[in-house]
Amino acid sequence: MNPIELIRKKRNGEELTKNEMMYLVLGYTKNKIPDYQFASFLMAVYFNGMTTDETAILTEVMLYSGKVIDLSSIKGMKIDKHSTGGVGDKTSLIIAPIAAAAGVNVPMISGRGLGHTGGTLDKLEAIPGYSTNLALRDYKKVLKKCGLVLIGQTKEIAPADKLIYALRDVTATVESIPLITGSIMSKKLAEGIDGLVLDVKTGSGAFMQKFSDAKALAQSLINTAKAFDKKVLAFITDMNQPLGNYIGNWLEVYEAIKVLRGEIVPDLCEVSFTLSGAMIYLGKKVKSIKEGIDLSKKLVANGRAFEKFVELVKLQGGDVSYLYEPEKYPKSKHKLKVKSKTEGFVSAIDTYQIGVAALELGAGRLKKEDVIDPKAGIIFHKKLGDKLSKGEIVAELFTNNKKVLADTEKRIINALRVTDNKPKKQKLIKLIMR
Ligand code: URA
């Protein structure tokens with residue numbers, strides 16, 4: 001086979017066979033095909049897309065570039081959730097313990113923050129001592145003991161994705177539905193799951209801002225999960241404002257603890273209980289998503305979900321005293337209250353800018369080597385449709401880097417659209433797909 005012929009084939013919009021895909025993807029992973037040729041292939045995929053079968057083949061080749069974890073020694077259904085990423089999206093920290101408390105096994109391998117969105121790994125690492133870096137043997141041990149494990153991607157899991165993702169990042173080929181599908185599904189299928197719940201975000205703080213793009217991505221992820229005989233449910237959920245009120249790594253752990261201890265944060269609880277309800281349903285512990293939602297609320301109210309979270313953190317080396325007394329967590333050196341300059345109703349929030357603001361405060365990485373400040377972030381007090389008076393506090397900023405405060409304050413003010421008329425309330429769960 002010849003890489004130039006295969007690039008030409010894809011450039012001309014033709015479908016590649018499994019052998020051809022293996023030649024290209026494994027050749028690149030083994031360093032036999034250079035960056036410039038694989039980058040051309042990626043750009044051809046970006047423009048011409050892939051068929052459903054071809055996307056499944058790409059996923060399979062990426063999946064078997066590494067290990068697929070065998071969880072057959074653990075009894076019961078293994079169900080995970082994947083979110084395409086948003087601002088203030090800490091649902092994994094809430095739903096994984098709820099589903100595990102319902103008796104579903106949750107083997108979760110999560111990622112770090114990407115662009116303006118946060119990542120579950122960075123949030124967990126805000127808990128002093130918590131190790132996201134378990135060997136696969138220990139991954140299984142924790143799952144067996146607790147019904148739940150939450151770690152980061154290891155070298156053995158889908159190594160092709162690691163290399164291809166880094167190349168996509170610098171060749172403007174991230175935003176391609178088949179490439180995103182292969183990337184997400186190869187990692188999720190490697191976990192040894194029986195089923196997957198997908199939370200595909202849409203709106204100003206999502207990667208797929210347009211509803212039609214989010215729907216197409218959800219369909220592609222569903223088709224691929226089905227090609228591997230996995231149970232799957234996808235939700236398209238709103239990301240036109242931060243989810244909950246806290247953004248930033250420890251701040252999000254703090255809000256997740258509040259919810260797990262029974263506090264009602266309306267939007268965060270609605271999305272979280274829907275996703276955990278779907279996991280419990282796919283895990284065959286109830287007969288409908290609705291029953292799963294009811295059970296989720298019960299497991300929070302009776303304290304079982306919080307206990308499960310404590311058990312997980314303890315098993316992965318974290319200091320659980322911070323879960324019982326979150327107020328003792330160290331504080332940022334600098335704080336600023338952002339006050340409204342106008343009055344009216346909050347009618348739009350550029351949520352991407354809110355994510356960037358959190359990142360600038362130290363909650364994310366501007367460069368690959370940047371070190372995250374777990375305390376940094378934003379408490380965002382306003383929701384779409386809220387009334388706002390002049391001088392009212394919109395948000396509180398936390399950082400150790402005083403220099404960024406003034407610019408971040410401006411960014412937040414500019415991200416808000418305030419109008420005289422109250423906007424129509426938008427649905428949070430926009431669509432369920434199966
Ligand atoms: N998340 C991933 O893991 N991969 C992508 O390509 C995009 C989001």
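What you see is a predicted model; the values in this text were computed from it and never measured.

We now examine the packing of helix H7 (residues 136-146) against helix H14 (residues 304-315). Direction vectors running N to C along H7 and H14 enclose 150°, while the axes themselves pass 11 Å from each other. By the angle class used here, H7 and H14 are roughly antiparallel. Once H7 is placed against H14, the crossing between them reads as right-handed. Across from Val142, Lys145 and Cys146 in H7, the residues of H14 making contact are Lys308, Glu311, Leu312 and Leu315. Residue composition of the contact of H7 with H14, grouped by class: 4 nonpolar, no polar and 3 charged.

Counted by the stated rule, this structure contains 8 aromatic pairs. Each ring, one from Phe38 and one from Phe41, has its centre 5.4 Å from the other, and the planes form 50°; the classification is tilted. In this pair, Phe38 and Phe41 both sit in helix H3 (residues 35-48), 3 residues apart, roughly one turn of the helix. The same class applies to Phe38 as to Phe41, namely buried. Each member of the aromatic cluster is reached from another via a ring pair, and the members are Tyr28, Phe38 and Phe41. Above the ring of Tyr322, the side-chain terminus of Lys328 is found at 4.5 Å from the ring centroid. Lys387 extends its terminal NZ or CZ atom over the ring of Phe345, reaching a point 5.2 Å from the ring centre.

Every buried residue belonging to helix H1 (residues 3-11) is among Pro3, Leu6, Ile7, Lys9 and Lys10, and all of these are buried. The arc that holds the buried residues of H1, viewed along the axis, is 155°, so those residues lie on one side. Where H1 begins, the side chain of Asn2 points an oxygen toward the backbone nitrogen of Ile4, at a separation of 2.8 Å. Just past H1, the residue Gly13 takes up positive phi, approximately 85°.

The subject of this paragraph is the environment of Tyr329. For Tyr329, the location among the structural elements is in the loop between helix H15 (321-324) and strand S7 (334-339). Considering only alpha carbons, one finds Tyr329 and Leu251, 78 residues apart in sequence, at a separation of 10.0 Å. Beyond its immediate chain neighbours, meaning those up to four positions away, Tyr329 contacts Ala126, Pro128, Trp250, Tyr322, Pro374 and Lys375.

Here we come to the layout of surface pockets. Looking at the second largest pocket, its volume works out to about 600 Å³. Lining the second largest pocket are 24 residues; nearest its centre among them are Gln241, Lys383, Leu384, Lys425 and Gln426. For the lining of the second largest pocket, the secondary-structure elements that each account for two or more residues are helix H12 (266-282) and strand S8 (344-349). Each residue belonging to the lining of the second largest pocket can be placed in one class, and the counts come to 8 nonpolar, 7 polar and 9 charged. When residues of the lining of the second largest pocket are sorted by domain, at least three fall in each of domain 2 (79-324) and domain 3 (332-419).

The 3 strands lie next to each other as S10-S8-S12, forming an open sheet whose pairing is antiparallel. Strands at the two margins of the open sheet, each flanked by one partner only, are strand S10 (387-388) and strand S12 (416-419). Pairing of S8 with S10, which is carried by 2 bridges, proceeds in the antiparallel orientation. In the sheet register, Gly344 faces S10, and the bridge partner there is Leu388.

Taken in spatial order, the 4 strands make up an open sheet running S6-S9-S11-S7, and their pairing is antiparallel. Where the open sheet ends on each side, the last strands, each with one partner, are strand S6 (246-247) and S7. The sheet contact formed by S6 and strand S9 (residues 377-380) spans 2 bridges and is antiparallel. Residue pairing across strands places Ile247 opposite Ile378, the latter belonging to S9. Against the sheet, helix H16 (residues 351-363) engages S6, S9 and strand S11 (393-399), with an angle of about 140° to S9. Sitting on the sheet, helix H17 (residues 405-415) touches S7, S9 and S11, and the angle it makes with S7 is about 30°.

Looking at the chain, the domain boundaries give domain 1 (3-49), domain 2 (79-324) and domain 3 (332-419). Here domain 2 and domain 3 have C-alpha centroids that lie 25 Å from each other. Counting residues at the interface gives 23 residues for domain 2 and 23 residues for domain 3. In total, about 1700 Å² of surface goes out of reach between domain 2 and domain 3, with carbon and sulfur atoms giving 58% of it. At the junction of domain 2 and domain 3, the tally comes to 2 salt bridges. In this structure, Lys383 and Asp267 form a salt bridge, with 2.6 Å as the shortest nitrogen-oxygen distance. Here domain 2 is connected to domain 3 by 14 residue pairs in polar contact (both at pLDDT 80 or more). Of all the elements in the fold, those that place two or more residues in the side of domain 2 that touches domain 3 are S6 and helix H11 (249-260).

Another point: the pattern of salt bridges. The final tally for this structure, using the stated rule, is 24 salt bridges. With its nearest N and O atoms 2.9 Å apart, the salt bridge here joins Lys18 to Glu60. Remark: Glu60 occurs in helix H4 (residues 52-63) and Lys18 occurs in helix H2 (residues 18-29); sequence separation between them is 42 residues. The residue Lys201 makes a salt bridge to Asp89 at a minimum N-O spacing of 3.9 Å. Here Lys201, found in strand S4 (residues 195-202), pairs with Asp89, found in the loop between strand S1 (79-83) and helix H5 (91-101); they are 112 residues apart in sequence, far enough to count as distant. The exposure classification of Lys201 matches that of Asp89, with both residues buried.

The rules behind these values
Residues numbered from 1 in each chain as written. Predicted model: local features only at pLDDT ≥ 70, side-chain atom pairs only at ≥ 80, totals over all residues. Heavy atoms only, no water. Axes fitted to C-alpha atoms, helices over the stretch in contact; angles between N-to-C directions. Helix = DSSP H or I, 4+ residues; strand = E, 2+ residues; numbered from the N terminus. Parallel < 35°, antiparallel > 145°, perpendicular 65-115°, else oblique. Left-handed = near helix turned anticlockwise from the far one by under 90°. Contact = heavy atoms within 4.5 Å. Nonpolar A, V, L, I, M, F, W, Y, C, P; charged D, E, K, R; others polar. Phe/Tyr/Trp six-rings, centres within 6.5 Å; stacked < 30°, edge-to-face > 60°. Buried < 20%, exposed > 50% of the residue type's maximum accessible area, 1.4 Å probe, protein only. Lys NZ or Arg CZ within 6 Å of the ring centre and 35° of its normal. Arc of directions from axis to C-beta. Polar contact = N/O pair within 3.5 Å; in protein donor to acceptor, adjacent residues only side chain to side chain. 1 Å grid on protein atoms, 1.4 Å probe; cavity = no way out; pocket = protein on both sides within 12 Å on 5 of 7 lines; lining within 4 Å. Points joined across faces, edges and corners; volume = space filled by probe spheres on them. Domains from an automatic or database assignment. Pairing = 2+ DSSP bridges. Buried area = accessible area lost by both parts, 1.4 Å probe. Salt bridge = Lys/Arg side-chain N within 4 Å of Asp/Glu carboxyl O.

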